Every structure is written in structure tokens, then in C-alpha cells.
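Architecture at a glance
Below are the chains, spelled out letter by letter.
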Amino acid sequence: MISPDMRFYKNVLLAALILLMSPAIVKAAEADSILLTLDSGFLNRPVELAVFNGDVVIAWDDRALSAPTTLEIKRLSNGMAQFAFGDAAAISGSEVTIALRSDGNAFEVARDGTADGVTAAARAEGMLTSSLIASAELAVAPVTSADVKEAMIGGDASADEMIEAPVRTDETIFLMLDLGFVGRPVSLEVFDGALTVAWNEETLVAPTSLRLTRTRGGGGADQTEAAKGVAIEFGDPNAVSGEGMFTITHKADRPPEASEQTEVNVYSVDSSTAQASFAGDAISYTHPACAGGTFAPMFRDGIMRSGMASWYAYKDCLCAASPDVPKGTRMKVSRQDDPSVFTVVTINDWGPERDVHPDRVIDLDKVAFSRIGNPRGGVLAVNVDVLSEDDPLYAIGDELPPPPWKW
């Protein structure tokens, strides 16, 4: 029979042995994987787990975990981290925040063994962080902006073509979409009217959650950010039908310039760039419904910058026709072989037709053409640039203005 005192000292000795062994156990586990049991003590509370000396972090809020489960975390030699929940239903559809120590600017994501595209991430103090919809098996790998470009257009990206991934802001909204949202058109105006996300009656086929997060950036070298973007994430991917259609409207930071086209960069499983429209103070576009994606509105310099200039007999004016810019726009037209020789014209007509003359950049009045070349040559290789009213060259176009009757 063991006395109470002996039992006490035995327990103390056992506890000491555990404490002495624990660092070795943890260190061995952190070398490749850790298996955790998330019991009822993890339910209904925010959780943050930092492992592998803080190089890998996963966190969720008090609504994420719905039942006890296990979680296995693996760190691979290529920098990828894998998270496997024993009970998919315990976490699936909820949002988790993942942070990895990395110099990248985005995560390549795979869910349940299937690639799910590239998602933007924010980097601070050496950690790359992003919020994602959880699944039974979630894998993330840090990538660079060049990787984002390759995923978006396919192929290698040059420095001039490189597209920076959108970065999520701290502006986010979480919504529960119950049966009242299923099978009917929906329009959600959020962020004080700066964003409207709408879809048709074919889009939502089951209740789910929806998180909307505003983003910044996500453009290429020839693009300018037109408005804050949005990351759209539905909790249950099966609740969104590919037969549906999104209509997304952003309040623009500014109107487009005369030379700019409006478009949107879409980051999802099949990333792309699509045309958008500007009206009033807003940018709008439609896109096939998807369970998750980031939409970044952009302005792109959309005019043809160089090509052949033709001429037509008009009425002694420094004027021209262009299919790229509105009437009233002033443009500098210079010779390609000698850019110091140029003239300034006012656009007062539309043309030339690019489907007939794809190399024609502008149609000059004969007088304007004569300022930079001999009309007997018929055409001339030129460069064109849009001028703003505060440009010193703008006033040159006042010398021989277009006749009033042409307007």
C-alpha cells in the first residue's frame, strides 16, 4: 500500500518527467506535422494556433468550429502548409485566417486535393496572411506576383506585364443567407453604398454564408486602380450555381480619362480580365456566378499609340478623326522617324475604320498632315499622345480651330 505522501511525490516526479520530455516531443512534431485534438473547449470561442516556432498560424472566430474534431498541420519543405480537419462538417464553410512566414505576396490554394487558384494576401512583419473558406483539407503555398501573372494569363511574365495581387483591407462584412435568399434575385448594397453585389434567381440554390472583403491593388503596369475591389466568398461552394450571374457595381475613385478603357481583373480558379462600363460615378460589370473570387476594377490606357496617319481634304483646320477618344480631345501627333516634328490637333470626327485599316492610328486634316509631312506620300508613320488642358502644347491647337459647323 502506497502512502499519501509517496503518492504525492510519485505524481510530482511524473509531472517533472513530462515537463522535461515535452520540448523534445514538440520539437520532433514541429519538424513535419502536428496532430491536435479540438475538444469541446475549442467550441464557441476564437482560436489562434501558432506552430513550427510561429512560422505557421491558423485562426478562426467563435462561430467557426461547430463540433469537436482533430486538426493535423503539416509544413512541407517547399513552404506549403497543409491543414486537415478530421470532421469536415465541424469547420467546412467557415472562415479561417492563415499566416505563413514568407516573402511572397499571394497564396496558391488547394481544397480537398483540387487546385483552387491564387488568392491575394497581405504581408506584415515577415508574415503572409489571408482569410480563406475552410474545407476538410486546405493547402496553401506562398507565391510571388509573377506567379499571379502566370496563373492569370498563362505563360511567363515580363517585368512590364507583372500584375500585383490584390491586397485585402480590414473592411469586411459577413452575412448569413437563409432560405429567403434562395431562388430569387438579390441586390446587396454595402460599405455605405460604395459597393453593390447582385445576382439573378438562378445563382443561389441553397442557404449559405457570404463574406465580402474590400481589396486594394491588383493591376498591371499599364493599369490604374479605378476603385476598391471586392473578394467574394460563399461558405458552401455547392450553394452557388454556375448558371447564375453576378452584377457588381463599385463607386469609382475618379472618372476615366479620355484615353482610358474600363475593365476588371478577376482572380478566381479561372482568372481573367473582362470589360466593364463606367456611368455616372460607378463601374459596373457582369460575371458568371462563382463560389469565390476577387474582382479588381481598373482603368487601362486604351488608345492606339502608334501607327500610320492618313489625311483627307477638309477646311484648313488642325483637326483629325480618331476611333479611340471623344470629340474635343487634343492630341499631339509626331513623326516616328523624328519626334521633334509634331503638330497638335483637335478630334472632331470618328475614324479611320480599324477593321478596314488596322494599322491606321489617326486621320488628319490635310493642313495638319502638311505640318509634319508631305501629303503626296499618302500616309506617314506617327506616334500620338493625348494632351491635357494644362499641357503647354495644348494651345497650339487653337491656331486653326475646327469650323463650328462640324460640331
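Just so we're clear, the structure is a prediction, and the values are computed from it rather than from any experiment.

1. Details of the overall build of the chain
Secondary structure summary: the chain contains three helices and 29 strands in total. For the chain, buried positions account for 43% of its 407 residues. For the chain, long-range pairs separated by at least 24 residues make up 68% of all intrachain contacts whose partners lie at least 6 apart in sequence. Carbon and sulfur atoms make up 53% of the accessible area of the chain, which totals about 20,300 Å².

2. Quick look at the pairing of strand β3 (residues 56–60)
Look at any regular strand and the pattern is simple: side chains alternate between the two faces of the sheet. Where burial is concerned, most of β3 is hidden: five out of the five residues are buried. Of the two faces of β3, both are covered, the one formed by Val56, Ile58 and Trp60 as well as the one formed by Val57 and Ala59. As paired elements, strand β2 (residues 47–51) and β3 share five bridges and run antiparallel to each other. Each bridged residue has a counterpart across the sheet, and for glutamate 48 the counterpart in β3 is alanine 59.

3. With respect to the state of the cysteines
On inspection of all chains with the given rule, the structure shows one disulfide. One disulfide in the model links cysteine 317 with cysteine 319; its S-S distance is 1.8 Å. We note that cysteine 317, like cysteine 319, is buried.

4. Details of the pairing of strand β19 (residues 260–267)
Of all the eight residues making up β19, seven are buried; the element is thus mostly covered by neighbouring parts of the structure. Two strands pair when backbone bridges link them, and β19 and strand β20 (residues 272–275) are joined in this way by four bridges, in the antiparallel orientation. Across the sheet, residue valine 264 finds its bridge partner in β20, namely alanine 274.

5. A short note on unusual backbone geometry
Of the consecutive residues glycine 351 and proline 352, the connecting peptide bond is found in the cis state with omega at -5 degrees. Along the polypeptide, proline 352 turns up in the loop between β27 (342–349) and β28 (360–365). Positive phi, normally seen in glycine, also occurs at asparagine 53, with a value near 60 degrees. Looking at asparagine 53, the relative accessible area reads 68%, which means it is exposed. The backbone of phenylalanine 191 shows a phi angle near 55 degrees, a positive value even though the residue is not glycine. Its relative accessible area of 14% is what places phenylalanine 191 among the buried residues.

6. Remarks on the environment of leucine 318
With respect to the secondary-structure elements, leucine 318 resides in the loop between β24 (306–312) and β25 (319–321). Judged by its relative accessible area of 0%, leucine 318 is buried. Filtering out sequence-adjacent residues up to four positions away, leucine 318 remains in contact with Thr343, Val344, Val345, Thr346, Val367, Ala368, Arg371, Ile396, Glu399 and Leu400.

7. Some thoughts on the sheet that holds β28
What the six strands build is a closed barrel, ordered β24-β28-β25-β27-β26-β29; its pairing is mixed. Here the strands of the sheet are splayed against their neighbours by 45 degrees on average, with no regard to which way each runs.

8. Some remarks on the sheet that holds strand β10 (residues 127–133)
One key point about sheets: their strands pair by backbone hydrogen bonds, in either a parallel or an antiparallel sense. The strand order across the open sheet built from five strands is β2-β3-β6-β10-β9, with neighbouring strands paired in antiparallel fashion. Two strands close off the open sheet at either side, each with one partner strand: β2 and β9 (122–124). Looking at each pair of strands side by side, their axes are set apart by 20 degrees on average, direction ignored. Sheet topology places β9 next to β10; three bridges connect them, and they run antiparallel. Residue pairing for β10: alanine 122 is matched across the bridge by threonine 129.

Thresholds applied
- The numbers attached to residues start from 1 for each chain and follow its sequence in the written order.
- pLDDT decides what is reported in this predicted model: residues at 70 or higher carry local features, side-chain atom pairs at 80 or more are listed and counted, and totals for whole chains, interfaces and linings draw on all residues regardless.
- Each side-chain value is worked out from all heavy atoms of the structure, with water and hydrogens disregarded.
- Helix numbering and strand numbering both begin at the N terminus, where a helix is a DSSP run of H or I of at least 4 residues and a strand a DSSP run of E of at least 2.
- Using a 1.4 Å probe on the protein chains alone, a residue whose accessible area is under 20% of its type maximum counts as buried, one over 50% counts as exposed, and one in between counts as partly exposed.
- A contact between two residues is defined here by any heavy atoms of the two lying within 4.5 Å.
- Per-residue and other accessible areas follow the Shrake-Rupley method at a 1.4 Å probe size, with only the shown protein chains counted as cover for residues.
- Any two strands between which DSSP finds at least two bridges are classified as paired.
- Criterion for a disulfide: a pair of cysteine sulfur atoms within 2.5 Å.
- Convention adopted: a line fitted to C-alpha atoms gives each axis, helices being fitted over their contacting stretch, and angles between N-to-C directions are expressed from 0 to 180 degrees.

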